[in-house]
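# Tertiary structure, described
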Amino acid sequence: RRLNSSVRALDDQTLMMHIVRGDAQALAELYERFSSRAFGVARRVLRNDSEAEEVVQDTFIEIWRSATR
């Protein structure tokens, strides 16, 4: 799925404000920007790819659920 180019152009802080407002495209962009780095950190800590993938997924789900807080 292609992301809207206007969402891709947002800085991180503005992107988070869009996520707070429930913009799923903004969450997808955040995932694009940071999931590989998050996976790298989780993989180094856990030393297990499948567990690292689960942690990253859970993290982004939690960002979505708790964005308004």
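Parameters and conventions
- For every chain, the first residue of the written sequence is number 1, and numbering continues from 1 onward in sequence order.
- With pLDDT at 70 or above as the cut-off, local features in this predicted model cover only qualifying residues; side-chain atom pairs require 80 or more to be listed or tallied, and sums for whole chains, interfaces and linings still use all residues.
- As a rule here, side-chain values come from all non-hydrogen atoms in the structure, and water together with hydrogens is ignored.
- Nonpolar cores were defined as sets of buried Ala, Val, Leu, Ile, Met, Phe, Trp, Tyr and Cys residues, with membership established by side-chain atoms within 4.5 Å.
- Buried means the residue's accessible area, taken with a 1.4 Å probe over protein chains only, is under 20% of the maximum for its type, while exposed means over 50%, and partly exposed covers the values in between.
- Only DSSP runs of H or I reaching four residues or more are called helices, and only runs of E reaching two or more are called strands; each is numbered from the N terminus.
- Without a salt bridge and with relative accessible area above 30%, a residue can belong to a patch; like charges are then joined within 9 Å and nonpolar side chains (Val, Leu, Ile, Met, Phe, Trp, Tyr) within 5 Å.
- Accessibility throughout is a Shrake-Rupley quantity obtained with a 1.4 Å probe, and a residue counts as covered only by protein chains that appear here.
- By salt bridge we mean one thing: a side-chain nitrogen of Lys or Arg within 4 Å of a carboxyl oxygen of Asp or Glu.

The next point concerns the nonpolar core. With 12 residues, the main nonpolar core is built from V7, L10, L15, I19, A26, L27, L30, A42, A52, V56, F60 and A67. Those elements giving two or more residues to this core turn out to be α2 (12-20), α3 (24-46) and α4 (49-66). Here the element with the most residues in this core is α3; it accounts for 4 residues.

The grouping of V41, V45, L46 and V55 at the surface amounts to a nonpolar patch, some 320 Å² of accessible area in total. Sorting elements by how many residues they give to the nonpolar patch places α3 first, with 3 residues. With respect to the helices, strands and loops of the structure, V41 is situated in helix α3. V41 gets classed as partly exposed once you look at its relative accessible area, which sits at 46%.

Turning our attention to the pattern of salt bridges. In a structure, side chains of opposite charge can pair up when their charged atoms sit close to one another. Throughout the structure, instances matching the rule amount to 4 salt bridges. For the salt bridge of R43 with D49, the shortest nitrogen-to-oxygen distance reads 2.9 Å. According to the relative accessible area criterion, R43 is partly exposed, its value standing at 43%. Residue class for D49 comes out partly exposed when judged on its relative accessible area of 40%. Note that R69 is salt-bridged to E62, the shortest N-O span being 4.0 Å. For E62, a relative accessible area of 37% gives the class partly exposed. Members of the salt-bridge network, linked through shared partners, are D12, E29 and R33.

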